[in-house]
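# Inside the fold
If you want the building blocks of each chain, they are given just below.
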Amino acid sequence: MKVGVPKEIKTHEYRVGLTPGAVREYVTAGHNVMVETNAGAGIGSTDNDYRNAGATIVDSAREVFASCEMIVKVKEPQPSEWVQLRENQILFTYLHLAPDPDQAKGLLNSGCTAVAYETVTDANGGLPLLAPMSEVAGRLAIEAAGTALKRYTGGRGLLIGGVPGVQPARIVVIGAGVVGTHAARMAVGLGAEVTVIDRSIPRLRELDELFQGRVRTRFSTIDSVEKEVFSADVVIGAVLVPGASAPKLVSRKMLSSMGNGSVIVDVAIDQGGCFESSHPTTHADPTYDVDGVIHYCVANMPGAVPLTSSHALNNATLPFGLSLANKGFAAILENPHLRAGLNVYRGRLTYKAVAESLGLPFSPIEQAAA
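Everything numeric here is computed off the predicted structure, so don't read it as measured data. (Residues numbered from 1 in each chain as written. Predicted model: local features only at pLDDT ≥ 70, side-chain atom pairs only at ≥ 80, totals over all residues. Heavy atoms only, no water.)

Negative phi characterises most residues that are not glycine, and trans characterises most peptide bonds. Here His96, not a glycine, exhibits a phi torsion of approximately 50°, which is positive. Note that His96 resides in the loop between β5 (90-93) and α5 (101-110). With a phi close to 55°, Asp291 is a non-glycine residue in the positive phi region. For Asp291, the location among the structural elements is in the loop between β12 (287-290) and β13 (293-296). Here Asp291 falls in the partly exposed class, since its relative accessible area comes to 44%. (Helix = DSSP H or I, 4+ residues; strand = E, 2+ residues; numbered from the N terminus. Buried < 20%, exposed > 50% of the residue type's maximum accessible area, 1.4 Å probe, protein only.)

What follows is the structure, given as structure tokens:
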């Protein structure tokens with residue numbers, strides 16, 4: 001199969017769909033890989049690195065989209081990209097369609113087959129292609145909060161870990177999944193007072209055991225969320241409903257009780273965000289103020305550390321990508337985990353949560369492929 005890797009064009013996105021090491025795996029498996037020039041610049045990989053791995057380097061993304069049967073990216077296609085997709089072409093990337101009707105329409109109109117990293121599953125019921133970026137984002141969330149708390153950025157002027165005799169920051173993490181766990185790990189390591197809120201009692205038990213009492217756990221109710229947000233210096237939004245829009249768990253009204261210069265970090269912003277006052281930002285302009293509360297809502301947080309992120313992502317996506325390259329659409333029909341990743345097929349939405357979030361018809365793959 002001809003596999004293409006365009007350079008990412010989202011603002012301050014430095015990751016790359018395939019690293020040179022991954023390209024070598026595809027080439028060894030008998031596939032032709034076409035890479036846009038400078039696609040790997042953000043991770044320090046040159047065109048020669050890709051040539052040495054067996055790739056063909058081309059001058060433009062247009063050549064990649066026009067020539068290749070499968071496109072491997074990191075972030076969702078931008079408007080100039082989705083118009084270049086076509087029927088019988090496979091797109092393998094993060095999509096996050098639920099809060100993005102324009103992209104969904106673009107993909108539906110293209111007729112392509114779009115497999116979303118964030119909904120591919122594994123035998124344990126996990127999301128193996130979302131997990132590595134969730135790990136990165138969870139850790140970065142605490143770094144971002146630490147910066148936003150500094151006075152020169154508009155924050156309270158509070159050190160996350162405090163010092164002897166001075167109280168540390170109170171950090172509330174809403175969601176005990178991969179993002180929330182890694183955010184809590186980083187916050188505890190810095191010496192913060194940490195509370196994690198979730199609806200899964202078994203998961204809260206696991207965190208209690210993992211952190212051995214260093215993290216407070218609370219069952220998620222309107223009352224518990226409200227009370228914890230009221231007293232927090234930092235709130236991390238780490239809620240995930242696979243494929244669907246994130247629930248709005250923190251209202252604008254709740255913000256008024258937070259101290260001036262407090263911080264929220266909405267890691268769920270890719271799926272629409274879990275704060276009522278959230279809207280996507282970029283690394284170029286990452287924060288904004290609502291009612292005195294600093295909002296950090298960057299939609300591609302792992303893009304800030306592309307070397308770590310690209311290799312972690314490729315480690316996870318490689319076996320699935322090779323399966324798609326080896327078998328094409330048949331791989332999706334044969335593998336239930338890849339089938340779970342299928343969001344769009346020839347003008348139809350094939351992931352129920354996405355269709356429901358967008359208010360559009362849902363077509364099971366059996367029906368869509370009939």
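What follows deals with the sheet that holds strand β14 (residues 342-345). In spatial order, the strands read β3-β2-β1-β4-β5-β6-β14-β15; together these eight strands make up an open sheet with mixed pairing. Here the strands that pair on one side only, and so sit at the sheet edges, are β3 (56-58) and β15 (348-349). The pairing of strand β1 (residues 2-5) with strand β4 (residues 70-72) spans two bridges and is classified as parallel. Within the sheet, the bridge partner assigned to Val3 lies in β4 and is Met70. (Pairing = 2+ DSSP bridges.)

Quick look at helix α1 (residues 20-28) now. Where α1 is concerned, the buried positions are Pro20, Ala22, Val23 and Tyr26. Summarising the axial view, the buried residues of α1 lie within an arc of 155°, below the 170-degree limit, and thus occupy one face. Exposed side of α1, more than 90 degrees from the buried face: Arg24 and Thr28 are the residues found there. Where α1 terminates, the next one or two residues include Gly30, which has phi positive at roughly 100°. (Arc of directions from axis to C-beta.)

The next subject is the sheet that holds strand β9 (residues 215-219). Sheet strands pair by backbone hydrogen bonding; their relative direction is either parallel or antiparallel. Overall, mixed pairing links the seven strands, which are arranged β9-β8-β7-β10-β11-β13-β12 in an open sheet. Pairing within the sheet leaves two strands with one partner each, and these edge strands are β9 and β12. For this sheet the average axis-to-axis angle between neighbouring strands, irrespective of direction, equals 20°. With respect to the sheet, helix α8 (residues 201-211) is in contact with β8 (193-198) and β9, its orientation differing from that of β9 by roughly 170°. (Axes fitted to C-alpha atoms, helices over the stretch in contact; angles between N-to-C directions. Contact = heavy atoms within 4.5 Å.)

Roughly 820 Å³ of internal volume is contained in the largest pocket. In terms of lining, the largest pocket is formed by 44 residues, of which the most central are Val179, Ala238, Val239, Leu240 and Ala268. Put simply, the parts of the chain that give the lining of the largest pocket at least two residues each are α6 (131-149), α7 (178-190), β8 and α9 (222-230). The leading source of residues in the lining of the largest pocket is α6, at four residues. Partitioning the lining of the largest pocket into residue classes produces 27 nonpolar, 10 polar and seven charged. Within this model, the second largest pocket holds a volume of roughly 270 Å³. In terms of lining residues, the second largest pocket is bounded by 19 residues, among which Lys10, Glu76, Asp100, Asp270 and Pro280 are the most central. Looking at the lining of the second largest pocket, the elements with two or more residues in it are α4 (79-82) and α5. Grouping the constituent residues of the lining of the second largest pocket by class yields eight nonpolar, six polar and five charged. (1 Å grid on protein atoms, 1.4 Å probe; cavity = no way out; pocket = protein on both sides within 12 Å on 5 of 7 lines; lining within 4 Å. Points joined across faces, edges and corners; volume = space filled by probe spheres on them. Nonpolar A, V, L, I, M, F, W, Y, C, P; charged D, E, K, R; others polar.)

Here β12 shows a clear split, with Tyr288 and Val290 buried on one side and none of Thr287 and Asp289 buried on the other. Inspection of the sheet shows β12 paired to β13 by four bridges, in the antiparallel sense. Bridging across to β13, Asp289 finds its partner in Ile294. The antiparallel pairing of β12 with β13 creates a hairpin that spans two residues between the two strands, and Asp291 there sits at a positive phi of about 55°.

Throughout the structure, instances matching the rule amount to 15 salt bridges. For the salt bridge of Asp233 with Arg156, the shortest nitrogen-to-oxygen distance reads 2.3 Å. Of this pair, Asp233 sits in the loop between α9 and β10 (234-237) while Arg156 sits in the loop between α6 and β7 (170-174), placing them 77 residues apart in sequence. A salt bridge links Glu228 to Arg218, with the nearest nitrogen and oxygen atoms 3.0 Å apart. In this pair, Glu228 sits in helix α9 while Arg218 sits in strand β9, placing the two residues 10 residues apart along the sequence. Within this structure, Lys10, Lys75, Glu76 and Asp270 form a network of salt bridges that share partners. (Salt bridge = Lys/Arg side-chain N within 4 Å of Asp/Glu carboxyl O.)

Function cannot be inferred from these measures alone, as they are strictly geometric.
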